[in-house]
Every structure is written in C-alpha cells, then in structure tokens.
Amino acid sequence: MKYSAIFIDFDDTLIDTIQDTQNTVEAIYTDHRLDSFFDSFEDYYENFFRPNTIAIWHLYEQGLITRDELLGQRFRNTFKHLPEIEAESIEKINKDYLARIVKATTLLPEAKDLLDYLKGKYPLYMVSNGFANMQYTKIETAGLEGYFDGVVLSDEVGISKPDRRIYEAALAMAGVPADKAIMIGDNYKTDITGAHNAGIDQIWFNPRKIEASAFEPTYMVDSLAAIQHIL
C-alpha cells in the first residue's frame, strides 16, 4: 500500500456540522423567543448568525483570536445591533447553544461505512480545528470511539489548519513521513491546502463540486463511498 497513515477531518467530513448547527440555532431561536427581534429564522441565520460565525472562525484559524474569544464573541457580535438584549441574556444563550451543539452529531451518509473500511486497513488519525472538550464529546456521542489511533486538535497543539505545523504534528504522532500519509477533508483551504503545503497527498471530499482555486488536489470525490476506490 502506498500510504501508511490516513488523516481525516471531522466536521462536515464525517458529521453534518452545517446542518446540525442550523438545527441547533433554530431551536435556540425558538426557545429564547428571538423572533421578537428578527423578521424570521432565515433572516436571523443567513444575515446575522452564519456570516458572523464564519468570520470569527476565519480569525481563529489565522491565530488572530483565542478559543475563548471565539466562543464568547459569536453571539455578542450577532446581537451587537440590538442593545435591548442584555449581556446576561447573551451569555445564557451562548451557554445553552454550547450545551446543545456538542450533542448534535449527525453522521454524514456513508461516513460509518468509510470508517469501517479504513479502520481495517490503515492507522487512522483525526486532524481537526475543533476544541478538545467538544470534539471528544462529539466523537463519543457519534459512536466513533475506537476508530482513531490518534486525535490531533488545534486546541491541544496550539496551531490551526491550514498551518502546516498541525500536519507535521500529525505526522509525528503517526510516525510516518509526509509521502506516506494522505488527508481526507471537505474544506479546500484548511484541509486540502494545509496538507498540500505539508507535502501530504489529499482527498478532497467535495459533494458540491466546487472548482479548485490554487491547485488540483491529489484526488477529488463527491461521495465518501468513492474513497474506498482510492485507498
């Protein structure tokens, strides 16, 4: 076999984080009566919560804000144009969201089949920008304990994807050189570009068939099942 270790992303590669997030935010919106401040849930999610969350995650990935700042600012920024929502209420909403989202772990179709296939053939390592307390809980909640030979988290390493050093940490954990590892992920910037810059082959899980911008990944698939034909 060409590869001696498989690296794999977690959010939106194995679990449907985008949909889980939307469902959780909608439950928060309903339970905290946020319809008093927004025209609709869709207006709230698409124009306030989602773009603000994406922007904050980009800052975190660049090392411009800390973990605590990310977790604390998400709702403060979302409600910054609404002075009638007091800081105490925002903190309550944030805590409620964090308690719920960690339990939201809907597996993507074919994710379990892929893990079953890979676990029987390769050492398997998760490489994620998620936070340790949340990701380990999500792994357990999703029933994925036992699949991974190691977990490399930005929160523990102190470096976020796409920085090549988090991939170098994964290579060190796996005890393999870069040309003996391959990275599976959905995010072209963090997963695919980061692995590419570390000299690691990549499989871009790209169900939306987005065009590659800077370079062509080693492999590109639109389903997780297709990965079994590569590895």
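Residues numbered from 1 in each chain as written. Predicted model: local features only at pLDDT ≥ 70, side-chain atom pairs only at ≥ 80, totals over all residues. Heavy atoms only, no water.

As for its position among the elements, Glu 61 is in helix α2 (residues 41-61). Those residues in contact with Glu 61 that lie beyond four places of it in its chain are Asn 129, Ser 160, Lys 161 and Thr 190. (Helix = DSSP H or I, 4+ residues; strand = E, 2+ residues; numbered from the N terminus. Contact = heavy atoms within 4.5 Å.)

What follows concerns the pairing of strand β4 (residues 181-185). In terms of residue burial, β4 counts as a mostly covered element, since five of its five residues are buried. Because side chains alternate across β4, one face comprises the buried residues Ala 181, Met 183 and Gly 185, and the other comprises Ile 182 and Ile 184, equally buried. In this structure, β4 lies alongside strand β5 (residues 201-205), joined through four bridges in parallel fashion. Paired with Ile 182 across the two strands is Asp 201, which belongs to β5. Note on the crossover from β4 through helix α9 (residues 188-197) to β5: the handedness is right-handed. (Buried < 20%, exposed > 50% of the residue type's maximum accessible area, 1.4 Å probe, protein only. Pairing = 2+ DSSP bridges. Right-handed = clockwise from strand over helix to strand, strands pointing away.)

Quick look at unusual backbone geometry now. Between Lys 161 and Pro 162 the backbone carries a cis peptide bond, its omega angle lying at 15 degrees. Mapped onto the elements, Pro 162 comes out in the loop between α7 (154-157) and α8 (164-174). Here Glu 110, not a glycine, exhibits a phi torsion of approximately 80 degrees, which is positive. In this structure, Glu 110 sits in the loop between α4 (87-101) and α5 (111-119).

Turning next to the pattern of salt bridges. In total, this model carries 14 salt bridges according to the counting rule given. With a shortest N-O distance of 3.2 Å, Arg 67 and Asp 68 are connected by a salt bridge. Arg 67 sits in the partly exposed class, given a relative accessible area of 23%. Between Asp 163 and Arg 165 there is a salt bridge; the shortest N-O distance is 2.8 Å. Take Asp 163: its relative accessible area is 25%, and that puts it in the partly exposed class. Put simply, Asp 9, Lys 161 and Asp 191 are held in one network by salt bridges that share partners. (Salt bridge = Lys/Arg side-chain N within 4 Å of Asp/Glu carboxyl O.)

Let us look at the sheet that holds β5. Judged by pairing direction, the sheet is parallel, and its six strands sit side by side in the order β3-β2-β1-β4-β5-β6 without closing on themselves. Looking at strand neighbours, the two that pair on one side only are β3 (150-153) and β6 (219-221), the edges of this open sheet. Across this sheet, the average inter-strand angle for adjacent strands is 20 degrees, counted without regard to direction. Bridge analysis of β5 against β6 gives three bridges, and the strand direction is parallel. What sits directly across from Trp 204, in β6, is Met 220. Against the sheet, helix α6 (residues 132-141) engages β2 (124-128) and β3, with an angle of about 145 degrees to β3. Strands in contact with α8 are β1 (5-8), β2, β3 and β4; relative to β3, the strand with the most contacts, it is inclined by about 160 degrees. (Axes fitted to C-alpha atoms, helices over the stretch in contact; angles between N-to-C directions.)

In short, shape yes, function no, at least from these values alone.
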